[in-house]
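Summary of structural features
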Amino acid sequence: MFSIGTLSKVTGCKVETIRYYEKIGLMPEPARSEGGQRRYQPRHRERLGFIRHSRELGFTLDDIRELLALREQHGHADAIARRHRQAVEQRIRALCALRDELDRMIEACAHGHQGECRVIEVLSDHNECAGEH
């Protein structure tokens, strides 16, 4: 068994985040020492690793809660992964539109000649944008 500080170091997860995950029920409550200090087991480290990796891949806390439940029931998580992939695709499209709009604004700028730059003008009026972003 190990302390919250050790769990934090081995997982790269901040102590406050570990406490938050416990508070919202993603992490099970650990045993406590006689002095009231949290004492974690390898299962806590493994579960926190699962949560952190899921977060790095962009899954929401609600998605992770569902994934953890499916994991315990040996269920299939493909529907959650598909839903997440669709959200990623939407963000990619939005980012591409944003990139294109920025490229258009930069191109319309007179490359550093004062008074001929459209960046400020376009940012001041959304109607000047070429499309939705």
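For the structure, see preceding data.
Okay, so let's go over this structure. (Residues numbered from 1 in each chain as written. Predicted model: local features only at pLDDT ≥ 70, side-chain atom pairs only at ≥ 80, totals over all residues. Heavy atoms only, no water.)

1. Structural notes on the packing of aromatic side chains
Applying the stated criterion to the full structure yields 1 aromatic pair. With a centroid separation of 6.2 Å and an interplanar angle of 50°, the aromatic rings of Y20 and Y21 are classed as tilted. Residue classification places Y20 among the partly exposed positions, given a relative accessible area of 40%. Judged by its relative accessible area of 7%, Y21 is buried. Over the ring of F50 we find R71; its NZ or CZ atom is 4.7 Å from the centre of that ring. (Phe/Tyr/Trp six-rings, centres within 6.5 Å; stacked < 30°, edge-to-face > 60°. Buried < 20%, exposed > 50% of the residue type's maximum accessible area, 1.4 Å probe, protein only. Lys NZ or Arg CZ within 6 Å of the ring centre and 35° of its normal.)

2. Here's the deal with the packing of helix α1 (residues 4-11) against helix α2 (residues 15-23)
Where α1 contacts α2, the axes come no closer than 9 Å and their chain directions differ by 105°. In terms of orientation, α1 lies roughly perpendicular with respect to α2. Contacts between α1 and α2 involve I4, L7 and S8 on the former and, on the latter, V15, I18 and R19. Broken down by class, the residue content of the contact of α1 with α2 amounts to 4 nonpolar, 1 polar and 1 charged. (Axes fitted to C-alpha atoms, helices over the stretch in contact; angles between N-to-C directions. Helix = DSSP H or I, 4+ residues; strand = E, 2+ residues; numbered from the N terminus. Parallel < 35°, antiparallel > 145°, perpendicular 65-115°, else oblique. Contact = heavy atoms within 4.5 Å. Nonpolar A, V, L, I, M, F, W, Y, C, P; charged D, E, K, R; others polar.)

3. Regarding the pattern of salt bridges
By the definition in use, this model includes 10 salt bridges. The salt bridge partner of E72 is R47, with a shortest N-O separation of 3.1 Å. Here E72, found in helix α4 (residues 61-73), pairs with R47, found in helix α3 (residues 42-56); they are 25 residues apart in sequence, far enough to count as distant. Between D78 and R82 there is a salt bridge, with its nearest N and O atoms 3.0 Å apart. With D78 and R82 both in helix α5 (residues 78-108) and 4 residues apart, this pair spans about one turn of that helix. Owing to a relative accessible area of 53%, R82 belongs among the exposed residues under this scheme. (Salt bridge = Lys/Arg side-chain N within 4 Å of Asp/Glu carboxyl O.)

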